[in-house]
Amino acid sequence: MSDVTAKLISVLGEGRVKEDEPMAKHLNFRIGGPAKWFVEVKNIEEVQKVMEVIREKGIPFFILGGGSNTLVSDKGFDGLVVKMTMRSHTIDGNRVKADAGVISAALARVTASAGLKGFEWAISLPGTVGGAVRGNAGCFGGELKDSAVEATILRGTEVMVVSADKLKFGYRDSAIKHTDDVVLDVTLELEQGDPEALKQVLKNTLDARKDSQPLYAGSAGCMFKNVELDPEEVASILPLFNGELEGVFEIDGKQRISSGWLIEKMGLKGTRIGGAEISKEHGNFIINHDGATAADVKGVIDLVKHEAMERFGIEMEEEVKLVGF
Ligand code: EPU
């Protein structure tokens, strides 16, 4: 037994530490080699203890939420994966405080049933609220930042409450993404609403997602962030799209191009490398069509990025976290 395993067992207990755990078991992609060590943490104290071991042993680590937005290489991850499995929430008036491991869609259902309005969009969001804070997740008109008021984080050895403005939310971005801080919980402030009407919104949102995205297959959701460009850059490339602009939007004063639309325009939908396929339904989904390897998926990612750069001078950026490449 390695030193690290022994130390982790001493803080978490027997049966709580896995070695060479296949990540394919934990990721929506159903792809990924083994993590050298793997633990599930159930409360803040356990997160603190595990992070202490990480610091003491100087080992690489990453935090796993719902496994919806991560791709691990075929050779795996030579470090510790810490899966957040604390899943409690409390409601106090219009405020909801949810542990990092709470599944976003479950929280959307809970808040709608409680007659709290503003988190319905998350019914179609795979993954946990901790992951949603880290990436300022968003879909169907909502973003985590719209209702977040504060989060509890672990920074080094210190547990602290950080207000939303300090989290510096941006498009699929937050301050957390650029540090080793760990999200422990988040507090949302919602509005009063009618539970029946809110449940209808949940249903409509789920239907819209099913209509436009390939939910039946293993994937990590949208692979790339939508492309943000300056107005001048947009003006220079728009003629290349022959005036068809349904995938170009203005959000918060910035021009954004839907990556799915761009990939469709490049004629790449349906492209396959090994078992990985660019979805025919939504160009920004790479699906595990048939026993794909992480290398197959990476091949598709590189192909898309290469084409976008060659043809439009556009640099596409992954939204999905790539680990062990
Ligand atoms: N479109 C196409 N072809 C495609 C994909 C899209 O023509 O293959 C067109 C659509 O018809 C629509 C426009 O492009 O006119 C925008 O498409 P969509 O509404 O699907 O939105 P998106 O910008 O492609 C974003 C998020 C999704 C989220 C949807 C719905 C990003 C990177 N993606 O996609 O988030 O579910 O809006 O709100 O911001 C995710 O983050 O994993 C994700 C899937």
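In this text, all values refer to a predicted model and were calculated from it rather than measured experimentally.

*Asks:* When you look at the overall build of the chain in this model, what are you seeing that I'm missing?
*Replies:* Along the backbone of the chain there are eight helices and 21 strands. What you see for the chain is a C-alpha radius of gyration of 20 Å, in line with the 20 Å of a compact globule of 325 residues. Seen along its three principal axes, the alpha-carbon backbone of the chain occupies a region of about 65 × 50 × 35 Å. In the chain, which comprises 325 residues, the share counted as buried stands at 50%. In the chain, the proportion of contacts linking residues at least 24 apart, taken out of those at least 6 apart, comes to 64%. In the structure as shown, the chain presents an accessible area of about 14600 Å², 48% of it carried by carbon and sulfur atoms.

*Asks:* I tried to follow the site of the ligand on my own but got confused; where do I start?
*Replies:* Taken together, 23 residues lie around the ligand, and Phe 140, Cys 222, Asn 226, Glu 264 and Gly 283 are the ones closest in. Between the ligand and Gly 260, the relevant distance is 3.4 Å, taken from an oxygen atom to a main-chain nitrogen or oxygen of the residue. Between the ligand and Lys 269 there is a distance of 2.8 Å, counted from an oxygen atom to a side-chain nitrogen or oxygen. Relative to its unbound accessible area of 810 Å², the ligand is 78% covered by the protein chains. When residues in the shell around the ligand are grouped by element, the largest group, three residues, is from helix H7 (residues 259-265). Among the residues forming the shell around the ligand, the class breakdown is eight nonpolar, nine polar and six charged. Here the shell around the ligand spans two domains, since at least three of its residues come from each of domain 2 (89-198) and domain 3 (216-323).

*Asks:* What exactly am I supposed to notice about the sheet that holds strand E19 (residues 276-278) here?
*Replies:* Backbone-to-backbone hydrogen bonds pair the strands of a sheet. The strands run either parallel or antiparallel. Pairing is antiparallel across the open sheet formed by three strands, whose spatial order is E18-E19-E20. Sheet topology places strand E18 (272-273) and strand E20 (286-288) at the edges, where each strand pairs with a single neighbour. Across three bridges, the pairing between E19 and E20 is antiparallel. Looking at the pairing, Ile 278 lines up with Ile 286 of E20.

Rules behind the numbers
- Residues numbered from 1 in each chain as written.
- Predicted model: local features only at pLDDT ≥ 70, side-chain atom pairs only at ≥ 80, totals over all residues.
- Heavy atoms only, no water.
- Helix = DSSP H or I, 4+ residues; strand = E, 2+ residues; numbered from the N terminus.
- Rg over C-alpha atoms; globule rule 2.2 N^0.38 Å.
- Buried < 20%, exposed > 50% of the residue type's maximum accessible area, 1.4 Å probe, protein only.
- Contact = heavy atoms within 4.5 Å.
- Areas by Shrake-Rupley, 256 points an atom, 1.4 Å probe, with all protein chains shown as cover.
- Near = heavy atom within 4 Å.
- Polar contact = N/O pair within 3.5 Å; in protein donor to acceptor, adjacent residues only side chain to side chain.
- Nonpolar A, V, L, I, M, F, W, Y, C, P; charged D, E, K, R; others polar.
- Domains from an automatic or database assignment.
- Pairing = 2+ DSSP bridges.

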